[in-house]
Amino acid sequence: MVLEQIYLGCLAQASYLVGDGGVAAVVDPRRDVDPYLEAAARHGLEIRYVVETHVHADFVSGHRELAARTGATIVFGHRAGVAFPHMAARHGDEIALGGVRLRVLETPGHTPESISLLVVEGGRPVAVLTGDTLFIGDVGRPDLVAARGVSAETLAGQLYDSLHGTLLALPDDVVVYPAHGAGSLCGRNLSSDTRSTIGRERRFNYALAPMSREVFVRMMTTDLPELPGYFGRDAEINRSGPPLLTGLPPPAPLSPEAAARELAAGAVVLDTRDPARFGAGHLPGSVNIGLGGQFAAWAGAVIGLDTPVVLVAEDPQRAEEARIRLARVGIERVVGVLEEGLAAWAAAGRPVATLAQMPADELARRLEDPARAPLVLDVRRPPEWSGGHLESARHLPLGELPARLASGEGLPPRDAPLAVVCQSGYRSSVAASLLARAGFREVFNVVGGMNAWEARR
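Report on the accompanying structure. (Residues numbered from 1 in each chain as written. Predicted model: local features only at pLDDT ≥ 70, side-chain atom pairs only at ≥ 80, totals over all residues. Heavy atoms only, no water.)

Structural notes on the environment of proline 351
Point 1. Structurally, proline 351 can be placed in the loop between α11 (341-347) and β18 (356-358).
Point 2. Note: C-alpha distance between proline 351 and arginine 456 (105 residues apart in sequence) is 36 Å.
Point 3. Discounting chain neighbours no more than four positions away, the residues touching proline 351 are Pro284 and Trp345. (Helix = DSSP H or I, 4+ residues; strand = E, 2+ residues; numbered from the N terminus. Contact = heavy atoms within 4.5 Å.)

Side note on the sheet that holds strand β22 (residues 443-446)
Point 1. Pairing is parallel in the open sheet, where five strands are placed in the order β18-β22-β21-β19-β20. The two strands at the open ends of the sheet, each matched to only one other strand, are β18 and β20 (394-395).
Point 2. Helix α12 (residues 360-367) rests against β18, β19 (375-378), β21 (418-421) and β22 of the sheet, and its axis sits at about 80° to β18. (Pairing = 2+ DSSP bridges. Axes fitted to C-alpha atoms, helices over the stretch in contact; angles between N-to-C directions.)

Description of the pairing of strand β3 (residues 23-27)
Point 1. Taken across its five residues, β3 has five buried, putting it largely inside the fold.
Point 2. Residue alternation in β3 divides its side chains into two sets, Val23, Ala25 and Val27 and Ala24 and Val26, and both sets are buried.
Point 3. Between strand β2 (residues 13-20) and β3, which pair antiparallel and follow one another directly, the connecting turn spans two residues, one of which, glycine 21, has a positive phi of 60°.
Point 4. As paired elements, β3 and strand β4 (residues 46-51) share five bridges and run parallel to each other. Opposite valine 26, over in β4, you have valine 50 as the bridge partner. (Buried < 20%, exposed > 50% of the residue type's maximum accessible area, 1.4 Å probe, protein only.)

Describing the packing of helix α9 (residues 295-302) against helix α10 (residues 316-328)
Point 1. It is the contact of α9 with α10, at a shortest axis distance of 8 Å, that shows an interaxial angle of 60°. In terms of axis orientation, α9 runs oblique to α10. Along this stretch, α9 crosses α10, giving a crossing that reads as right-handed. Across the interface between the two elements, Phe295, Ala296 and Ala299 from α9 touch Ala322, Arg325 and Leu326 from α10.
Point 2. Of the residues contributing to the contact of α9 with α10, the split by class is five nonpolar, no polar and one charged. (Parallel < 35°, antiparallel > 145°, perpendicular 65-115°, else oblique. Left-handed = near helix turned anticlockwise from the far one by under 90°. Nonpolar A, V, L, I, M, F, W, Y, C, P; charged D, E, K, R; others polar.)

Points about the nonpolar core
Point 1. Ranked by size, the top nonpolar core spans 64 residues in total, and within it Ile289, Val302, Leu398, Leu401 and Leu435 carry the most contacts.
Point 2. Among the elements that make up this core, the one with the highest residue count is helix α15 (residues 426-437) (six residues).
Point 3. Ignoring sequence-local partners within four residues, the contact set of valine 302 consists of Val287, Ile289, Leu398, Pro402, Val430 and Leu434.
Point 4. The next biggest cluster of nonpolar side chains, apart from the first, holds 23 residues, and it includes Leu105, Leu118, Leu159 and Leu208. (Core = buried A, V, L, I, M, F, W, Y, C linked by side-chain atoms within 4.5 Å.)

What to know about helix α5 (residues 213-220)
Point 1. The set of residues buried in α5 consists of Phe216, Val217 and Met220. Down the axis of α5, the smallest arc covering the buried residues is 100°, so these residues share one side. Exposed residues on α5 whose side chains face more than 90 degrees from its buried face are Glu214 and Arg218. (Arc of directions from axis to C-beta.)

Comments concerning the sheet that holds strand β5 (residues 73-77)
Point 1. The sheet built from six strands is open, its strands ordered β1-β2-β3-β4-β5-β6 with mixed pairing. Two strands lie at the open edges of the sheet, namely β1 (2-8) and β6 (87-89), each paired on one side alone. Strand-to-strand twist of the sheet, defined as the mean angle between neighbouring strand axes without regard to direction, takes the value 25°.
Point 2. In this fold helix α1 (residues 34-43) packs onto β1, β2, β3 and β4, with an angle of close to 155° to the strand it touches most, β1.
Point 3. Sitting on the sheet, helix α2 (residues 63-70) touches β3, β4 and β5, and the angle it makes with β4 is about 155°.

What to know about the packing of aromatic side chains
Point 1. Enumeration according to the criterion identifies four aromatic pairs in this entry.
Point 2. With a centroid separation of 5.5 Å and an interplanar angle of 65°, the aromatic rings of tyrosine 16 and tyrosine 177 are classed as edge-to-face. Residue tyrosine 16 is found in strand β2, and its partner tyrosine 177 is found in strand β11 (residues 175-178); the two are separated by 161 residues along the sequence. Each member of the pair, tyrosine 16 as well as tyrosine 177, is classed as buried. (Phe/Tyr/Trp six-rings, centres within 6.5 Å; stacked < 30°, edge-to-face > 60°.)

Section: the pairing of β21
Point 1. Both faces of β21 are covered, namely the face carrying Leu418 and Val420 and the face carrying Ala419 and Val421.
Point 2. Alignment of β19 against β21, held across four bridges, turns out to be parallel. By the bridge assignment for β21, valine 376 is matched with alanine 419.
Point 3. The sheet contact formed by β21 and β22 spans three bridges and is parallel. Within the sheet, the bridge partner assigned to valine 420 lies in β22 and is asparagine 445.
Point 4. A crossover connection joins β21 to the parallel β22 through α15; in handedness this β-α-β unit is right-handed. (Right-handed = clockwise from strand over helix to strand, strands pointing away.)

Section: the side chain of serine 286
Point 1. Looking at the secondary structure, you find serine 286 in the loop between α8 (275-280) and β15 (287-288).
Point 2. Serine 286 gets classed as buried once you look at its relative accessible area, which sits at 3%.
Point 3. Here the side chain of serine 286 touches leucine 283 through a polar contact of 2.6 Å, landing on its backbone oxygen.
Point 4. Sequence-distant contacts of serine 286, defined by excluding residues within four places in its chain, comprise Val269, Asp271, Phe278 and Ser433. (Polar contact = N/O pair within 3.5 Å; in protein donor to acceptor, adjacent residues only side chain to side chain.)

Set out below in structure tokens:
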């Protein structure tokens, strides 16, 4: 039997190739599907099935792409309501892959249509692909489809039943393979481990501790992380059928003059370089989201899916990487790439902006002098803030910043010096670029973030 996990760090997303006897299924594929075709060829397998454990909200899935390139049958749980030909699977249905069987377990809760796949070899259950129902150290959040007429409380109750009535009924030695790891917003306490066992989760997963259904529902619907606006859009794209990547035109190389015309027409500059290079010089009004982090997820959260994008990248290869990563979350309107980057823009005599980078030591010195002290804006997520923060800091999570900028509510004074901090300096550069774009006059990115602040002691 082949059971290969293919993990995509930038989306904290796991997909799987399962096969035997020359045939295989791919489970929960990302949008760009070459890794599955290469893995199948390496193992001498033909991909016959593409199985989705649910309608994903955090990325655009590759089910149609993979089916178009292999002729495979697409499989969803029968409650999914997808708008294209597929096999509607029910509890107990099996997919035969040589001597291996994928047995469908209906496990609603994260979404109404969620299924898990029990891998049976030689008549014995050996692994279970749990999608977003059961993670390592956590379980799926139940609020992603509340807008479709099913309350988070109802789904949380279904999730409790699925966990205790179905998954925890499996033997302790069954290996657990989830669809996400640490960093995903589909849960709130995910481990960095990428596999576990039923027995280990039964023992150590906080959400599986003995408790009543009512207590579980209350816990699962309280203090949930922010929900990026693009999640609902991605779910609908996956339900209706994503357009094929092969149909998306490559972004055009843009001269400074052509780029300026696109900006005047409403495009946003997405600068994919690291914070230091961005700070040293960039196109005025640019948004900085570096390729080194969770680039696509943050782009979806702060730019959205509909805004035309002009890319600034280190080189053409990185521009192409950015285009593919943006497509993974449904950002397809990449109208062009600034040819020869910032150097060409500056050489054409066009204005260049900077974003000051403030080391942690300098921040400490300024905070000791009331006349020079900036307002510290901490853009980390609530659990990070609760784990410790600068005493004088104000909390404004990056995920909430675009909505705050749009409404004008809960923002610091526009003429106050702002030192923006996160854990490492990546998210703070995103936030600082958004604040500068919105007209805040004196913005600093704290280099190295809280990591650097704590290291200086």
